[in-house]
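Residue strings, one per chain:
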Amino acid sequence: MSQPAAKLPFWVDFGLIPLLNLVAAFAVAGLVVAVIGENPLDVARIIIYGAFGYGEGVGFTLFYATNFIFTGLAVAVAFHAGLFNIGGEGQAYIGGLGVALVALGLDPYLPWWLLAPLAVIGAALFGALWAYIPAVLQAKRGSHIVITTIMFNFIAASLMAYLLVDVLNPGAGSMSPGTRFFNAEAVPPRLSEILAPFGVDLGGSPANLSLIVALLAALGLWLLLWRTRLGYEIRALGHNASAAAYAGVPIARVIVIAMLISGALAGMMALNPVLGDQGRLLLEFPGGAGFVGIAVALMGRSHPLGVILAALLFGMLYQGGSELAFEKPSISRDMLILIQGLVILFSGALENLFRPAVARIFAPRAA
Amino acid sequence: MDWLTFLNVLDSAVRLSTPLLLACLAGLFTERAGVVDIGLEGKMIAGAFAAGAVAVFTGSAWIALLAAIGASVFFGLVHAFACVTQRGNQIVAGVAINFIALGLAAVLGQSWFGQGGKTPAPPNSGRFTAIELPYAAEAAQMGPIGRFYADVVSGHNLLVYFAFLAPFLSWWLLSRTRFGLRLRAVGENPAAVDTAGVSVTRLRYSGQIICGALCGVAGAYLAIGLNAGYLNNMTAGRGYIALAALIFAKWRPVPALFVCLLFGFLDASANRLQGVSLPSVGVVPVQFIQALPYILTVILLAGFIGKAIPPKAGGVPYVKER
Amino acid sequence: MNLENGARPAAIELIGVSKSFGPVKANSDIHLRVDKGTIHGIVGENGAGKSTLMSILYGFYQADSGEIRINGRPVEIRDSQEAIRLGIGMVHQHFMLVENFTVLENVLLGAEGGALLGKGKAEARAKLAALAREHGLEVDPDALISDLPVGAQQRVEILKALTRGAEILILDEPTGVLTPDEADQLFEVLKQLRAEGKTVLIITHKLREIMAITDSVSVMRQGKMVGTLRTAETSPDQLAEMMVGRRVLLKVEKGPANPGLPALTVENLTLRDGAGVERLKNVSLTLRRGEIVGIAGVAGNGQSELLEAIAGLRKPSSGRILLDGAPIPHDPRALRELRLAHIPEDRHKMGLVLKFETRENSILGYHLDHRYGGALLNNSAIEAECQSQMEAYDVRPPNSRLKTANFSGGNQQKIVLAREFERGPHVLLIGQPTRGVDIGAIEFIHRRIIEMRDAGKAILLVSVELDEIRALSDRVLVMFDGRIVGERPPETDERELGLLMAGVTGAGAGPGAGTSERGAA
Amino acid sequence: KPAIVYDLGGRNDKSFNESAYTGAAKFKEDTGVEFRDFEIQNDSQREQALSRFARQGFSPIISVGFSHEGAVSKVAPQFPDTQFVIVDSVVDLPNVSSIVFKEHEGSYLAGVAAVLASETKKVGFVGGMDIALIRKFACGYVQGAKATDPKAEIFQNMTGTTGAAWADPVRGGELAKSQMARGADVVYHAAGGTGEGVLQAVADAGKLGIGVDKNQNDLHPGHVLTSMVKRVDTAVYDTFKQAQAGEWRPGLKVFGLAEDGVALAMDENNQALITEEIAAAIAAAREGVISGEIQVHDYMSDSACPVQ
Ligand SMILES: Nc1ncnc2c1ncn2[C@@H]1O[C@H](COP(=O)(O)OP(=O)(O)OP(=O)(O)O)[C@@H](O)[C@H]1O
Ligand SMILES: Nc1ncnc2c1ncn2[C@@H]1O[C@H](COP(=O)(O)OP(=O)(O)OP(=O)(O)O)[C@@H](O)[C@H]1O
Ligand SMILES: [Mg+2]
Ligand SMILES: [Mg+2]
């Protein structure tokens with residue numbers, strides 16, 4: 001944003017500096033690790049091995065990344081329209097309801113390859129629906145979308161708790177707040193099953209076809225934003241609302257449409273855990289992915305490709321972190337939260353920490 | 001609701017709105033200075049954990065309060081360094097602080113106390129306990145107003161009284177002092193402040209320091225005022241609600257008091273309404289009652305307050321040379 | 001530098017000052033000497049580095065190298081506080097005011113006189129009253145800045161400097177937003193300050209003003225100091241040539257108009273803003289093909305609202321707007337299809353999305369046109385469009401992928417003009433076509449506007465530059481307080497127009513509008 | 001090589017997870033045998049953790065919490081030689097043993113004790129998240145209270161609808177205060193960490209609280225009437241022991257009052273509070289339940305509670 005104009009070589013800008021930021025984040029995390037008496041290098045090795053070192057780890061990394069691609073894209077598209085959608089969590093949660101209703105209603109009749117597309121629609125529709133009211137309130141009444149979406153997160157939690165405990169619960173004898181399992185035939189195969197014939201071993205990882213949907217969504221969003229008139233209008237609105245009005249962009253409508261897309265993307269996140277992994281709808285399944293989406297979108301500069309990369313990074317942290325908790329009983333799972341925070345801080349907010357120094361080394365050569 | 005019930009709900013509302021109010025004012029100081037703060041939650045957590053931990057070590061509520069303020073201010077300084085010195089994205093910095101504080105509290109707590117991030121209960125001297133105001137007992141016998149004094153006004157801990165004084169102090173600070181004038185100006189037009197020969201950086205750091213201090217008090221209130229000890233994630237999203245309250249109050253201190261009281265009141269009423277059977281509806285699902293404050297907030301927002309205009313320079317790092 | 005001078009130390013002396021913003025050399029090796037008790041002008045094209053130089057003097061930027069002497073003493077101006085201490089005050093090109101503060105608070109900011117405001121406030125109030133008495137700089141200390149007209153905001157800036165005891169006053173393009181009358185008042189104040197022994201540095205694009213008020217003048221071009229001259233010994237033509245590096249035509253060449261059928265008719269238009277304030281009061285006008293109707297007026301008297309109402313951006317509360325006899329739709333998009341083009345007054349706020357690539361801006365408002373693609377945008381068509389626009393309007397650099405924010409003001413304005421003019425509109429609404437644009441570009445833009453008229457277009461022109469209005473228009477309407485208070489031929493005496501603009505209506509010139517404190521300075 | 005997989009609440013949840021950990025720790029202390037454990041962070045890790053422990057040769061593997069039901073049913077068949085144990089739910093497989101508790105029976109006793117200790121005959125219940133399991137606690141408690149004094153008034157509150165409801169002592173405290181303001185002088189909680197706020201508020205007000213899951217009598221001695229302990233620790237300990245001795249058997253194991261799987265905690269901290277009358281009533285009720293004379297309705301059996 002506010003760079004000294006000195007141009008750096010591409011690989012420095014997009015390779016070296018991000019790497020330095022990550023290293024710094026891990027260095028601070030390493031300090032904490034050392035304080036509680038573990039070897040930081042060991043920890044780093046475990047995380048990286050856990051995330052990429054073997055098939056199942058990779059599968060889990062991809063599985064988590066799928067969640068974050070969806071929620072990251074959701075936040076990103078709203079950003080492009082100048083809106084801060086902090087409600088991805090609630091939209092994803094309600095999106096899960098869409099998936100579940102489709103699956104519960106149709107799983108006796110349809111095979112997975114017919115059901116899955118309907119579930120995608122269900123997820124998108126319900127997610128969009130949950131974004132609709134805040135969007136309209138923002139567009140028509142100027143109610144601050146940050147607050148309304150926060151409120152809608154809480155409302156979603158209550159609504160879903162009610163539905164899962166009292167309405168959709170299979171009833172007597174079932175302890176866990178959730179729906180029944182979907183028919184096995186209605187659940188799409190996992191990537192591990194699909195790739196096994198090709199000699200790729202993803203172990204028992206839950207990565208599934210939602211990943212493909214996520215990547216398609218990223219591509220679609222890129223096309224939408226930079227190749228369509230709607231995308232043009234969304235970006236114009238986000239950069240300069242009065243210029244957009246001048247250009248005849250129907251502001252209220254574009255706000256609502258952008259939020260609907262955002263909500264739909266967030267809602268589609270539900271496909272991954274609900275249909276792809278658990279095969280049923282569980283209480284609180286989004287598990288904070290909506291909030292991680294904010295970080296992912298910001299780190300990915302709201303660009304679909306950036307979002308995918310940032311989502312992979314967070315997927316890696318999630319999976320590597322669980323490996324860590326597994327291998328090192330003395331390091332609790334909370335360590336992972338700390339590391340995530342440090343990564344967000346150093347690669348996000350402190351992204352320019354090393355730039356001046358690096359620029360001093362590389363700028364002369366570039367000039 | 002009869003009068004006594006109402007007083008009870010109000011009493012509860014006062015307690016519930018206290019952390020909101022402190023966090024809301026915290027946000028006010030930094031946002032009026034032009035630094036958006038979504039990291040209130042994290043700073044409160046830092047404060048709560050520090051208070052809980054130090055109360056156990058020292059057994060002194062006051063030292064614990066200082067520690068809480070210190071820890072929160074530390075995160076405020078990190079935030080300021082990222083957003084002011086490094087001109088980083090303010091929202092990212094806030095999100096990062098929320099994660100870091102939560103993770104660090106748990107990791108350190110586990111390492112120090114071995115209870116999964118929780119701090120053990122401090123001795124009573126390590127807590128701020130309720131104080132009875134003079135003549136509360138007598139007043140209770142003297143009709144509805146007396147009851148109000150005895151039930152609602154009296155019987156809170158010191159931090160509550162501080163919190164309810166704070167909006168007025170803040171108002172005075174912002175509108176009547178040199179510092180306040182400059183702080184407000186820097187959130188609206190930092191270039192104007194800069195050309196007046198006043199350091200934008202120093203002002204924005206000050207905003208974050210005050211923010212940290214107030215979050216620290218809020219955290220201490222949670223950990224050693226209301227509760228006895230820190231518990232993982234015990235802020236339970238209050239930092240976000242405080243942010244909502246801040247927008248609701250249009251970034252002004254005295255309205256912030258009323259908004260936070262309103263939120264507290266809605267919350268307290270929700271607690272009270274659980275399981276109450278309504279005519280012709282029957283028992284309302286608990287979940288609905290719990291969602292009620294949020295639903296009402298949305299309705300109020302849609303119907304009454306209209307557009308809230310944030311400080312103009314908020315969210316944008318100040319860059320003199322492009 | 002060729003001014004021989006007595007032994008008196010100069011009020012300001014700059015020796016070899018340089019400053020770069022990244023790769024941009026905004027100032028390189030600048031030498032400047034300004035004598036105490038004089039008014040010194042600085043002229044130069046957009047981006048010549050004038051503002052940068054003054055900001056260095058004011059401590060807002062740090063020079064990369066060079067020396068500054070104030071009253072003969074070498075000084076180091078690390079920040080504005082230091083500059084203020086040295087008796088330097090500055091009125092910036094973009095006002096440095098806090099909009100939702102009162103005048104008093106703005107004056108107080110940075111000079112509060114104590115940790116509490118009470119005492120300082122009283123003192124500042126007294127100072128303001130005294131300054132108002134001495135210099136006629138009247139302004140209500142309790143008014144909100146955002147409620148003040150720009151002229152008054154500028155007074156606040158000057159008052160800020162004077163209350164801090166400035167001995168050297170720097171004004172960066174102070175008259176861009178003033179009526180001639182207000183400008184004259186300002187010049188009176190400046191002369192008075194000179195008489196008190198203060199030194200004034202003034203940046204302006206208006207050579208007439210340089211000639212009228214300065215004692216000496218320096219010319220800058222592309223970051224360098226081209227020369228310093230005694231005003232008495234130079235001429236506007238010479239200065240213009242020094243600025244641009246070639247001969248420029250200062251007068252607009254224009255033949256007589258051939259007005260045709262009415263293209264645009266406004267009938268009894270009234271408009272209330274969001275707060276319910278009437279911004280337009282019963283405005284009526286007719287615009288014919290092949291003529292330029294200029295609307296003169298001090299900023300904030302309803303011209304912007306009028307343009308925006310016609311452009312479909314604001315909904316009138318009553319009255320009609322007819323385009324070729326048919327009521328207009330309230331939709332900018334539909335209006336564009338009806339061949340109504342609109343150059344907004346503020347290119348940054350409305351005319352451009354600064355963060356867009358320029359080719360994206362070249363279709364802003366026309367992005368739904370089928371030429372630029374159907375479901376997907378056709379980038380090569382957009383690219384071609386942008387290239388042809390950039391070529392036709394000599395936009396520099398002609399790089400369609402560059403973010404528009406990275407172009408200079410004049411080039412940005414050309415980008416807007418090219419977009420709107422090149423699509424062959426029938427009716428043109430033009431707001432402030434040359435605001436903040438340098439002489440070379442002004443010449444170019446004015447020629448284009450005349451060409452459009454001669455091609456039979458109907459043009460409604462709003463400008464706060466009275467010179468511009470008089471030079472381009474075939475008829476002049478004057479707006480004051482939301483009304484049209486008179487129509488005059490363009491040759492009308494400047495004084496008379498100025499009075500009308502201030503709401504002083506002469507004999508039978510439209511509905512009786514009295515003086516009001518808003519417009520009268 | 002025993003292992004434990006906890007539920008989302010984590011090892012130190014002040015509740016059944018922690019209790020499981022306590023049992024395992026005691027086993028380690030007694031036998032010197034190391035165990036491994038894992039705190040999951042999301043639903044997807046259940047299977048991952050189970051199959052991972054199984055692959056590395058751990059057995060028995062105890063999954064704590066009903067949410068593991070799906071994962072256990074999926075993973076157990078893949079490792080027929082590994083012994084799996086699920087707590088709080090039933091999985092009918094040849095290599096799985098299921099341990100369930102009759103929380104309603106223990107809560108029934110808590111209800112009896114609460115009403116007897118109450119001077120106002122008004123008692124409170126604060127639950128964590130509003131889910132069936134917690135309603136099971138509440139329902140048993142209400143039955144006990146009503147059976148002791150049909151005119152007793154019971155205030156029930158749930159803390160929330162998200163996971164935060166297990167760790168919000170502030171709201172827990174407020175709920176307790178609101179119940180006390182309505183006259184309650186004994187408050188029973190089944191709310192994990194939130195419950196600490198309940199017990200704190202009750203103690204601050206000089207009233208009585210009832211702890212849950214593990215013995216919480218020592219938190220505020222003199223202000224915790226008793227605790228409805230759920231012996232997950234014993235169950236874990238016994239399981240490990242049996243496995244060590246080669247006596248582990250699959251199948252359903254129900255821990256009720258009869259098995260001492262649930263009980264009211266009595267120790268020196270609440271000695272003074274439990275009068276002879278109360279102790280006798282508790283004992284009688286316990287006998288009644290064990291003998292079948294008293295039928296305590298299980299909320300889970302039909303998702304309904306006969307009394308309110
Ligand atoms: N809820 C409320 N409703 C109406 N008026 C209120 C409310 N709260 C406060 N006020 C009054 O409004 C005035 C302004 O409030 P406040 O002190 O918060 O803002 P301020 O400091 O004047 O604002 P700013 O900093 O923007 O100048 C005060 O005089 C206060 O008493
Ligand atoms: N803060 C800044 N960061 C980077 N470049 C700048 C900055 N300010 C000015 N520049 C560049 O420095 C050059 C000189 O700018 P400056 O504003 O001094 O020109 P000017 O003569 O005042 O022009 P104008 O007549 O448009 O006001 C321009 O190329 C401009 O783009
Ligand atoms: Mg005010
Ligand atoms: Mg300039």
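Caption draft 1: Main features of the overall build of chain A. If you tally the helices and strands in chain A, you get 16 helices and zero strands. For 367 residues, the compact-globule formula gives about 21 Å, and the C-alpha radius of gyration of chain A, at 21 Å, lands near that figure. The C-alpha extent of chain A, read off along each of the three principal axes, is 70 × 60 × 40 Å. Split into buried and exposed, the 367 residues of chain A put 62% on the buried side. In chain A, of all internal contacts separated by at least 6 residues, the share reaching a separation of at least 24 is 76%. Carbon and sulfur atoms make up 70% of the accessible area of chain A, which totals about 12,700 Å². The centroid of the 17 positive side-chain charges in chain A is displaced by 16 Å from the centroid of its 17 negative side-chain charges.

Caption draft 2: Highlighting the arrangement of the chains. A comparison of contact numbers over the five pairs of chains in contact places chains A and B at the top. There is a clear gap between chain C and chain D: no contact, and 39 Å between their nearest C-alpha atoms.

Caption draft 3: Focus on a nonpolar patch on the surface. A contiguous nonpolar surface patch, about 440 Å² in accessible area, is contributed by Ile212, Leu216, Leu219 and Leu223 of chain A together with Leu376 of chain C. Within the element layout of this structure, leucine 223 of chain A appears in helix H8 (residues 210-227).

Caption draft 4: Quick peek at the environment of proline 77 of chain D. Residues and elements named next belong to chain D. Take proline 77: it is sitting in the loop between helix H3 (69-75) and strand S4 (84-87). Between the C-alpha atoms of proline 77 and serine 303, which are 226 residues apart in sequence, the distance is 30 Å. If sequence neighbours within four positions are ignored, proline 77 has contacts with Val72 and Leu93.

Caption draft 5: Seen up close, the packing of helix H14 (residues 304-327) of chain A against helix H2 (residues 45-55) of chain D. Between H14 of chain A and H2 of chain D, whose axes approach to 12 Å, the crossing angle comes to 40°. In terms of orientation, H14 of chain A lies oblique with respect to H2 of chain D. Crossing angle aside, the handedness with which H14 of chain A passes H2 of chain D is right-handed. Across the interface between the two elements, Gln319, Ser322, Glu323, Phe326 and Glu327 of chain A of H14 of chain A pack against Gln45, Gln48, Ala49, Arg52 and Phe53 of chain D of H2 of chain D. In terms of residue class, the contact of H14 of chain A with H2 of chain D is made up of three nonpolar, four polar and three charged.

Caption draft 6: How the structure looks around the pairing of strand S11 (residues 262-272) of chain C. Residues and elements named next belong to chain C. Sheet topology places S11 next to strand S12 (residues 278-288); seven bridges connect them, and they run antiparallel. When the bridges of S12 are listed, leucine 264 appears paired with leucine 287. In this sheet, strand S14 (residues 318-323) lies alongside S11 in antiparallel orientation, the contact comprising five bridges. Note that in S14 the partner of valine 266 across the bridge is isoleucine 321.

Caption draft 7: Just the sheet that holds strand S11 (residues 251-255) of chain D, in detail. All names here are of chain D. Taken in spatial order, the six strands line up as S2-S1-S3-S4-S5-S11 in an open sheet, and their pairing is parallel. Taken across any chain shown, the strands that pair with only one partner, and hence form the sheet edges, are strand S2 (36-39) and S11. Pairwise comparison of adjacent strand axes, ignoring direction, gives a mean angle of 15° for this sheet. Bridge count for S4 against strand S5 (residues 96-101) is four bridges, and the pairing is parallel. The residue of S5 that forms the bridge with valine 87 is isoleucine 99.

Caption draft 8: Seen up close, the site of ligand 2. Around ligand 2 sit 18 residues, and of these Gly47, Gly49, Lys50, Ser51 and Thr52 of chain C come closest. Flanking ligand 2 are residues from chains B and C. Lysine 50 of chain C places a polar side-chain atom, nitrogen or oxygen, 2.8 Å from an oxygen atom of ligand 2. One of the side-chain nitrogen or oxygen atoms of serine 51 of chain C is found 2.5 Å away from an oxygen atom of ligand 2. Among the elements that line the shell around ligand 2, the one with the most residues is helix H1 (residues 50-57) of chain C, at three residues. When the residues that make up the shell around ligand 2 are grouped by side-chain class, the tally is five nonpolar, seven polar and six charged.

Caption draft 9: Looking closely at the site of ligand 1. Residue and element names in this part refer to chain B. Neighbouring ligand 1 are the residues Arg32, Trp171, Arg184, Arg252, Pro253, Val254, Pro255 and Phe258. In this structure, arginine 32 approaches ligand 1 through a side-chain N or O atom, which is 2.9 Å from an oxygen atom. Backbone polar atom of proline 255 to a nitrogen atom of ligand 1: 3.4 Å apart, as the coordinates give it. With the chains in place, 53% of the 620 Å² that ligand 1 exposes on its own is no longer accessible. Top element by residues in the shell around ligand 1 is helix H12 (residues 253-273). It accounts for four residues.

Caption draft 10: Summary view of the interface of chain D and chain B. If you look at the interface, chain D gives 29 residues, while chain B gives 28 residues. Note on chain D versus chain B: buried area summed over both sides is about 2,300 Å², and carbon and sulfur give 46% of it. A per-residue breakdown of the area chain D buries against chain B is headed by Val170, Arg171 and Glu174 of chain D, which together make up 25% of the total. Counting across the interface, chain D meets chain B through five salt bridges.

Caption draft 11: Broad picture of the pattern of salt bridges. Counted by the stated rule, this structure contains 72 salt bridges over all chains. When the shortest N-O distance is used, the salt bridge between glutamate 47 of chain D and lysine 74 of chain D registers 3.4 Å. Here glutamate 47 of chain D, found in helix H2, pairs with lysine 74 of chain D, found in helix H3; they are 27 residues apart in sequence, far enough to count as distant. Linked by salt bridges that have partners in common, Glu38, Asp42, Arg45 and Lys328 of chain A make up one network.

Caption draft 12: Expanded view of the state of the cysteines. Counting across every chain of the model gives one disulfide over all chains. Residue cysteine 139 of chain D pairs covalently with cysteine 305 of chain D via a disulfide, S to S 2.0 Å. Between cysteine 139 of chain D and cysteine 305 of chain D the sulfur-sulfur dihedral comes to about 95°; the bridge is accordingly right-handed. Here cysteine 305 of chain D lies in the segment after helix H10 (299-302) and cysteine 139 of chain D lies in helix H5 (residues 132-148), a separation of 166 residues in the sequence. Unpaired in terms of disulfides, cysteine 215 of chain B finds its nearest cysteine sulfur in cysteine 211 of chain B, a separation of 4.3 Å.

Caption draft 13: Quick peek at the sheet that holds strand S18 (residues 458-462) of chain C. All names here are of chain C. Strand order in this open sheet of six strands is S16-S17-S18-S13-S19-S20, and the pairing throughout is mixed. The outermost strands of the open sheet, each flanked by one partner alone, are strand S16 (340-343) and strand S20 (483-488). Looking at each pair of strands side by side, their axes are set apart by 20° on average, direction ignored. Those strands touched by helix H14 (residues 409-421) are S16 and strand S17 (427-431), and its axis lies near 175° from that of S16.

Caption draft 14: Here's a closer look at the interface of chain B and chain A. Taken together, the contact pairs 41 residues of chain B with 40 residues of chain A. Contact between chain B and chain A buries roughly 3,800 Å² in total, counting both sides, with carbon and sulfur atoms accounting for 80%. Applying the counting criterion to the chain B and chain A interface returns zero salt bridges. Counting across the interface, chain B meets chain A through three residue pairs in polar contact (both at pLDDT 80 or more). Among the residues forming the side of chain B that touches chain A, the class breakdown is 28 nonpolar, eleven polar and two charged.

Caption draft 15: Up close: empty space enclosed by the protein. Residue and element names in this part refer to chain C. Within this structure, the stated rule accounts for seven cavities of 30 Å³ or more. As a volume, the largest cavity reaches approximately 130 Å³. Lining of the largest cavity is provided by 16 residues; of these, Tyr58, Met90, Lys160, Ala161 and Arg164 occupy positions nearest its centre. Put simply, the parts of the chain that give the lining of the largest cavity at least two residues each are strand S6 (88-91) and helix H5 (150-163). Residues belonging to the lining of the largest cavity are distributed by class as follows: eight nonpolar, five polar and three charged. As for the second largest cavity, its lining consists of 13 residues, and the residues nearest its centre are Pro180, Lys206, Arg208, Glu465 and Leu466. When contributions to the lining of the second largest cavity are tallied by element, the ones reaching two or more residues are helix H6 (180-195), helix H7 (207-213) and helix H16 (466-472). For the lining of the second largest cavity, the per-class residue count stands at five nonpolar, two polar and six charged.

Caption draft 16: Up close: the confidence of the model for chain D. All names here are of chain D. Considering every residue of chain D, the mean pLDDT works out to 90; 100% of them sit at 70 or more. Mean pLDDT per element in chain D: H10 is the minimum at 84, and strand S8 (residues 186-190) is the maximum at 95. For this predicted complex, the interface confidence comes out at an ipTM of 0.82, alongside a pTM of 0.85.

Caption draft 17: Just the side chain of lysine 50 of chain C, in detail. All names here are of chain C. If you trace the backbone, lysine 50 turns up in helix H1. Lacking a salt bridge, the buried lysine 50 has glutamate 173 as its closest oppositely charged neighbour, with an N-O distance of 4.7 Å. Setting aside its immediate chain neighbours within four residues, lysine 50 contacts Ile42, Val43, Gly44, Glu45, Ile203, His205 and Met220.

Parameters and conventions
- Residues numbered from 1 in each chain as written.
- Chains lettered and ligands numbered in written order.
- Predicted model: local features only at pLDDT ≥ 70, side-chain atom pairs only at ≥ 80, totals over all residues.
- Heavy atoms only, no water.
- Helix = DSSP H or I, 4+ residues; strand = E, 2+ residues; numbered from the N terminus.
- Rg over C-alpha atoms; globule rule 2.2 N^0.38 Å.
- Buried < 20%, exposed > 50% of the residue type's maximum accessible area, 1.4 Å probe, protein only.
- Contact = heavy atoms within 4.5 Å.
- Areas by Shrake-Rupley, 256 points an atom, 1.4 Å probe, with all protein chains shown as cover.
- Lys, Arg positive; Asp, Glu negative; His and termini not counted.
- Charge placed at Lys NZ, Arg CZ, Asp CG, Glu CD.
- Patch = residues over 30% accessible without salt bridge, like charges linked within 9 Å, V, L, I, M, F, W, Y side chains within 5 Å.
- Salt bridge = Lys/Arg side-chain N within 4 Å of Asp/Glu carboxyl O.
- Axes fitted to C-alpha atoms, helices over the stretch in contact; angles between N-to-C directions.
- Parallel < 35°, antiparallel > 145°, perpendicular 65-115°, else oblique.
- Left-handed = near helix turned anticlockwise from the far one by under 90°.
- Nonpolar A, V, L, I, M, F, W, Y, C, P; charged D, E, K, R; others polar.
- Pairing = 2+ DSSP bridges.
- Near = heavy atom within 4 Å.
- Polar contact = N/O pair within 3.5 Å; in protein donor to acceptor, adjacent residues only side chain to side chain.
- Buried area = accessible area lost by both parts, 1.4 Å probe.
- Disulfide = S-S within 2.5 Å.
- 1 Å grid on protein atoms, 1.4 Å probe; cavity = no way out; pocket = protein on both sides within 12 Å on 5 of 7 lines; lining within 4 Å.
- Points joined across faces, edges and corners; volume = space filled by probe spheres on them.
- pLDDT = per-residue confidence, 0-100.

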